[in-house]
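Examining the three-dimensional arrangement
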Amino acid sequence: MDEINDQIEQRIKKLDELKAMGVEPFGGVFDAKDHAAELLNKYESSNKEALESSPVLCIIAGRIVAMRDFGKAAFAHVQDATGKIQVYFRRDILGEKYSVVKKVDMGDIVGISGKLFRTKTNELTIEVDGFQFLTKSLRPLPEKWHGLKDIETRYRQRYVDLIVNPQVKEAFKKRSAIIKAVRDFLEEKGFIEVETPMMQQIPGGAAARPFKTHHNALGIDLYLRIAPELYLKRLLVGGYEKVYELNRNFRNEGISTKHNPEFSMLEFYIAYKDYSYLMSLTEELITYVAQKAIGSFKVPYGDVEIDFTPPYPKVPMLDALIQKGVPEEILNDIDKAAAWAKKNQIEIEKGASLGKILDEIFKEKVEPELIQPTFIIDYPVELSPLAKRKPDNPELVERFELFVAGREIANAFSELNDPMDQRERFQKQVEAKERGDEETMWMDEDFIKALEHGMPPAAGEGIGIDRLVMLLTNSVSIRDVILFPQLKPEL
């Protein structure tokens, strides 16, 4: 820390010296006409003689990320949004301006002009004939340009992480491409993008603990949304047939490599379809996005290769449990299920229903094994209070979750549009909440009123954008694909 403070003091001294020289250390507009990667690509095959016979003039702006001073000359690397390129400063060319170059530190942002040439080592380089200070950096970059290694520091100081770790910047470029591809796909299918409230009087659409806030003007408590589902389905009641929202959700729960309390979700709804249709649409969507953003259906993830080529297996939830050695006899007996979970050291909340117990067993025994894309279908009704029952088995609902690399990526179902059934399910959720389950849904009278006006048969789905980006960028933690993840304050 003392060393960093010393470097800051030295940089502030240089700042004052620049001002004394009449140089503005925090410059203004600079018209950069070129970019590093474009120059390197365009003139990759140009040899020394070609550059000398037909000079290429260029103007770029960027950050100094490496510098070697040789007294009367200096080499540096300038990094812009596209990459980095070597530049060459010579006293005999720059004249008095070379004294300004001597005040440059790693991290400073500069504007330069000059012509391209090749060094003795054949590196494409800009010979600088014009130089302008744009920003004096008062803090040093990570020592010796070895990159920022500490994980928490990378997340906390993402701006530095982006400077020194090019692969991080590329991951977030891919994230942008993935989101664009999602929008393009849905809009080509006739969906329209909408926006729904982020502050809600009743947090609904998912089973999660909400964040609470207070609206001073209205004098009421509000909740940050845990899902936009109930509002999007109100739009189906209103006559829209294909809607989607790329939204931010907030859930007041644990933080892990799979969970961040603020996250991005895609939700879309289509009238007159069911969950079987959505399985095919999901395969089509994911392969479209993978092809557009990554260029392949097959992507590396850790030590395995994920193959998104459809079709994906479809396995009923209860069958998946049996396949992993869970006794069939516990699937319809809460006492036996609870005893089996305890025997296998699976933590179950007090007062948990049979469905909740089976869900916890599934998370422990099945979910980690679902590496290649797999649809788990047909869940117990008590786990899915917004889904339509299966006609041939009313204890189950028409629901699927898509699992990849041991985690849920998508959740979808045929939407429940019977207001009386919906009220009964909400009531059971309320009763579970009264028994101590803090992640059950609330009674939403206005949503029931909307259903009473008539919602067409429909199917809806949510896809975790952050988790999808993790898969397509080979990122092990959700924090690697969120620019500014939530962290505890520094002590």
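Before reading on, note that the structure itself is shown above.
Source: prediction; values computed, not measured.

1. Concerning the overall build of the chain
Along the backbone of the chain there are 16 helices and 19 strands. Taking the principal axes of the C-alpha coordinates as reference, the chain spans close to 85 × 50 × 50 Å. Evaluated residue by residue, the chain yields a buried proportion of 48% over its 491 residues. Restricting to contacts in the chain with at least 6 residues of sequence separation, those with at least 24 account for 66%. Accessible area for the chain stands at about 24700 Å²; split by element, carbon and sulfur atoms hold 50% of it.

2. So, the pairing of strand 13 (residues 304-307)
Pairing analysis gives 4 bridges linking strand 12 (residues 298-301) to strand 13, with the strands arranged antiparallel. In the sheet register, Tyr301 faces strand 13, and the bridge partner there is Val304. The turn joining strand 12 and strand 13, which pair antiparallel and follow one another in sequence, is formed by 2 residues; a positive phi near 60° is taken by Gly302.

3. Here's the deal with helix 1 (residues 2-20)
Because an α-helix completes one turn every 3.6 residues, residues spaced three or four positions apart along the sequence face the same direction. The terminal C-alpha atoms of helix 1 lie 27 Å apart, and with 19 residues this matches the ideal 27 Å at 1.5 Å per residue to within 8%. Within helix 1, the full set of buried residues consists of Ile8, Arg11, Leu15 and Leu18. Looking straight down helix 1, one finds that the buried residues subtend no more than 75° of arc, so they occupy a single side. Exposed side chains of helix 1 directed beyond 90 degrees from the buried face belong to Asp2, Glu3, Glu9, Lys13 and Ala20. Positioned one or two residues after helix 1, Gly22 has a phi angle of 85°, which is positive.

4. Considering the sheet that holds strand 1 (residues 57-69)
The strand order around the closed barrel formed by 5 strands is 1-2-3-5-4, and the pairing between neighbours is mixed. With direction set aside, neighbouring strand axes in the sheet form an average angle of 55°. Pairing analysis gives 6 bridges linking strand 1 to strand 2 (residues 73-79), with the strands arranged antiparallel. The partner of Arg68 across the bridge, within strand 2, is Phe75.

5. Details of the nonpolar core
Within the largest apolar cluster, 45 residues are counted, with the highest numbers of intra-cluster contacts made by Leu266, Phe268 and Phe308. Per element, the largest residue contribution to this core is 10 residues, and it comes from helix 10 (residues 275-293). Residue contacts for Phe308: discarding those within four places in its chain leaves Ile286, Thr287, Phe297, Val299, Pro373, Val404, Leu471 and Leu472. The next biggest cluster of nonpolar side chains, apart from the first, holds 43 residues, and it includes Leu230, Ala341, Ile346 and Phe362.

6. Focus on the sheet that holds strand 8 (residues 212-215)
Pairing between the strands of a sheet comes from backbone hydrogen bonds, and it takes one of two forms, parallel or antiparallel. Across the sheet, 3 strands lie side by side as 7-9-8; this open sheet has antiparallel pairing. The outermost strands of the open sheet, each flanked by one partner alone, are strand 7 (199-200) and strand 8. Note: strand 7 against strand 9 (residues 220-224), 2 bridges, orientation antiparallel. Paired with Met199 across the two strands is Leu224, which belongs to strand 9.

7. Things to note about the pattern of salt bridges
Considering all chains together, one arrives at 30 salt bridges under this definition. Of the charged contacts in the structure, one is a salt bridge between Arg175 and Asp466, with a shortest N-O distance of 2.8 Å. Note that Arg175 is positioned in helix 8 (residues 166-188) and Asp466 in helix 16 (residues 465-473), a separation of 291 residues in sequence. For the pair formed by Arg175 and Asp466, the shared burial category is buried. One salt bridge in this structure joins Glu360 and Lys363, with 3.7 Å as the shortest N-O distance. With Glu360 and Lys363 both in helix 13 (residues 354-365) and 3 residues apart, this pair spans about one turn of that helix. Where salt bridges share partners, they join Lys14, Asp105, Asp108 and Lys136 into one cluster.

8. With respect to the side chain of Asp466
The exposure class of Asp466 is buried, given its relative accessible area of 1%. At 2.8 Å, the side chain of Asp466 and the side chain of Arg175 are in polar contact. Beyond its immediate sequence surroundings of up to four residues, Asp466 is in contact with Arg175, Phe263, Ser264, Ile478, Val481 and Ile482.

9. Quick look at the environment of Asn411
With respect to the helices and strands, Asn411 occurs in strand 18 (residues 407-414). As a C-alpha pair, Asn411 and Phe400 span 11 residues in sequence and 6.0 Å in three-dimensional space. The contacts of Asn411, once residues within four sequence positions are left out, are Arg399, Phe400, Glu401, Gly460, Glu461 and Gly462. Polar side-chain contacts of Asn411 include one of 2.9 Å to the side chain of Arg399.

10. Some details on the pairing of strand 3 (residues 84-90)
Among the 7 residues in strand 3, 5 count as buried, and that is most of the element. The pairing of strand 2 with strand 3 spans 7 bridges and is classified as antiparallel. Considered in strand 3, the bridge of Phe75 is made with Tyr88. What sits between the antiparallel neighbours strand 2 and strand 3 is a turn of 4 residues, in which Gly83 has the positive phi angle 155°. Of the pairings in the sheet, the one linking strand 3 to strand 5 (residues 124-135) comprises 3 bridges and is parallel in character. Paired with Tyr88 across the two strands is Glu127, which belongs to strand 5.

Definitions and cut-offs
Residues numbered from 1 in each chain as written. Predicted model: local features only at pLDDT ≥ 70, side-chain atom pairs only at ≥ 80, totals over all residues. Heavy atoms only, no water. Helix = DSSP H or I, 4+ residues; strand = E, 2+ residues; numbered from the N terminus. Buried < 20%, exposed > 50% of the residue type's maximum accessible area, 1.4 Å probe, protein only. Contact = heavy atoms within 4.5 Å. Areas by Shrake-Rupley, 256 points an atom, 1.4 Å probe, with all protein chains shown as cover. Pairing = 2+ DSSP bridges. Expected span 1.5 Å × (residues − 1). Arc of directions from axis to C-beta. Axes fitted to C-alpha atoms, helices over the stretch in contact; angles between N-to-C directions. Core = buried A, V, L, I, M, F, W, Y, C linked by side-chain atoms within 4.5 Å. Salt bridge = Lys/Arg side-chain N within 4 Å of Asp/Glu carboxyl O. Polar contact = N/O pair within 3.5 Å; in protein donor to acceptor, adjacent residues only side chain to side chain.

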